[in-house]
Amino acid sequence: MAPVTAVAAAHNTASLRTAEAAGLTRIGRRQLAGDPVELGPAVLLRAPAVEVVRESGFVATARAEVLDLWVGVTEDGGAVGFVPGDPRSVHEEALAAHESQMRAGAAVAVLQRCPATGALLSIGWLVGEESPRHAHRATAYRIMSDPAHRGRNLGRLQVAAMHRVARADGVEMVLLTVRGGLGLEEFYAGCGYAEVGRIPGGIRVAPGDDRDDVLMMRRL
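Residues numbered from 1 in each chain as written. Predicted model: local features only at pLDDT ≥ 70, side-chain atom pairs only at ≥ 80, totals over all residues. Heavy atoms only, no water.

A few words on the nonpolar core. With 21 residues, the main nonpolar core has Phe58, Trp70, Ala109, Ile123, Trp125 and Met144 as its most contacted residues. Listed by contribution, the elements that provide at least two residues to this core are helix H2 (60-75), helix H3 (88-103), strand S5 (107-113) and strand S6 (120-128). Core analysis: the second largest hydrophobic core is formed by 20 residues, Val159, Ala161, Met162 and Tyr193 among them. (Core = buried A, V, L, I, M, F, W, Y, C linked by side-chain atoms within 4.5 Å. Buried < 20%, exposed > 50% of the residue type's maximum accessible area, 1.4 Å probe, protein only. Helix = DSSP H or I, 4+ residues; strand = E, 2+ residues; numbered from the N terminus.)

Here you go:
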């Protein structure tokens, strides 16, 4: 996937803010022949680099990064399968289950990395269906981004990257479930998903704190 790159004059703070809010990161400066010399080198920005991991699985360093991100998102209140205070070990068990799916060819992990440092910014999994009658669809799981970069459009970029991977794999329909009460339905609606089912109180976050389990779908 070709990286998206933008160039803005160093004094053009409005353009720089817009590019950074869209998820791009400053990676350096450049001055091309013909550029106004008096403006100095322009600022070069780039969107996150997309990494796709399949049957080969994660290398040890990447696996540790994924676990760190997952635990951090949980502690920040993200709805990624656990609640704040759950130990790293339960996250590791869930990650091992995804890795087993990946080794079997049933799942693919889609990651985004910072174009400047290579640090992990976000991740999500696409899991296919075993039945040949459902082979045209996949389910998206554990879509999460680094809380330290909130407000940088990483969630939408992550979903878009997963859609590109799904299309390339011949997927026509993506399903996902979200935990009610966090505004996630609105976020995914903005990404083209529609609610197709809801179980009121289907998720028990804690005693006395039941949330709706919401099924959403998008055709690619």
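Relative to the helices and strands, His11 is located in the loop between strand S1 (5-8) and helix H1 (13-21). Distance in space between the C-alpha atoms of His11 and Gly181 is 42 Å, their sequence separation being 170 residues.

Here we take up the sheet that holds S5. Strands belonging to one sheet form pairs held by backbone hydrogen bonds; the direction of such a pair is parallel or antiparallel. Pairing in this open sheet of seven strands is mixed, and the strands run S4-S5-S6-S7-S8-S10-S9 from one edge to the other. Since the sheet does not close on itself, it has two edges, and those belong to strand S4 (49-53) and strand S9 (194-206), each with one partner. Sheet twist, expressed as the average angle between the axes of neighbouring strands with direction ignored, equals 25°. Pairing analysis gives eight bridges linking S9 to strand S10 (residues 209-219), with the strands arranged antiparallel. Considered in S10, the bridge of Ala206 is made with Asp209. (Pairing = 2+ DSSP bridges. Axes fitted to C-alpha atoms, helices over the stretch in contact; angles between N-to-C directions.)

With that settled, the discussion passes to the side chain of Gln112. Assignment of secondary structure puts Gln112 in strand S5. Within the structure, the side chain of Gln112 is placed 2.9 Å from the side chain of Ser122, a separation counted as a polar contact. A distance of 3.4 Å separates a polar side-chain atom of Gln112 from the backbone oxygen of Leu154. The contact partners of Gln112, leaving out residues within four places of it in the chain, are Pro48, Ala49, Val50, Ala119, Leu120, Leu121, Ser122, Leu154, Leu157 and Gln158. (Polar contact = N/O pair within 3.5 Å; in protein donor to acceptor, adjacent residues only side chain to side chain. Contact = heavy atoms within 4.5 Å.)

Turning our attention to the layout of surface pockets. The calculated volume of the largest pocket comes to roughly 1,000 Å³. Around the largest pocket sit 43 residues that line it, and Ala79, Val80, Ile143, Leu184 and Tyr188 are the ones nearest its centre. Among the elements of the structure, H3, strand S7 (137-145), helix H4 (154-168), strand S8 (173-179), helix H5 (184-190) and S9 are those that each provide at least two residues to the lining of the largest pocket. Here the element with the most residues in the lining of the largest pocket is S7; it accounts for seven residues. Grouping the constituent residues of the lining of the largest pocket by class yields 20 nonpolar, 14 polar and nine charged. (1 Å grid on protein atoms, 1.4 Å probe; cavity = no way out; pocket = protein on both sides within 12 Å on 5 of 7 lines; lining within 4 Å. Points joined across faces, edges and corners; volume = space filled by probe spheres on them. Nonpolar A, V, L, I, M, F, W, Y, C, P; charged D, E, K, R; others polar.)

A word on the packing of H2 against H3. Here H2 crosses H3 at 125°, and the two axes come no closer than 10 Å. Between H2 and H3, the crossing angle belongs to the class labelled oblique. Considering how the two elements wind past one another, H2 and H3 form a crossing that is right-handed. On H3, the residues that touch Arg63, Ala64, Val66, Leu67, Asp68, Trp70, Val71 and Thr74 of H2 are Arg88, His91, Glu92, Ala94, Leu95, Ala96, His98 and Glu99. Across the contact of H2 with H3, the residue classes break down as eight nonpolar, three polar and five charged. (Parallel < 35°, antiparallel > 145°, perpendicular 65-115°, else oblique. Left-handed = near helix turned anticlockwise from the far one by under 90°.)

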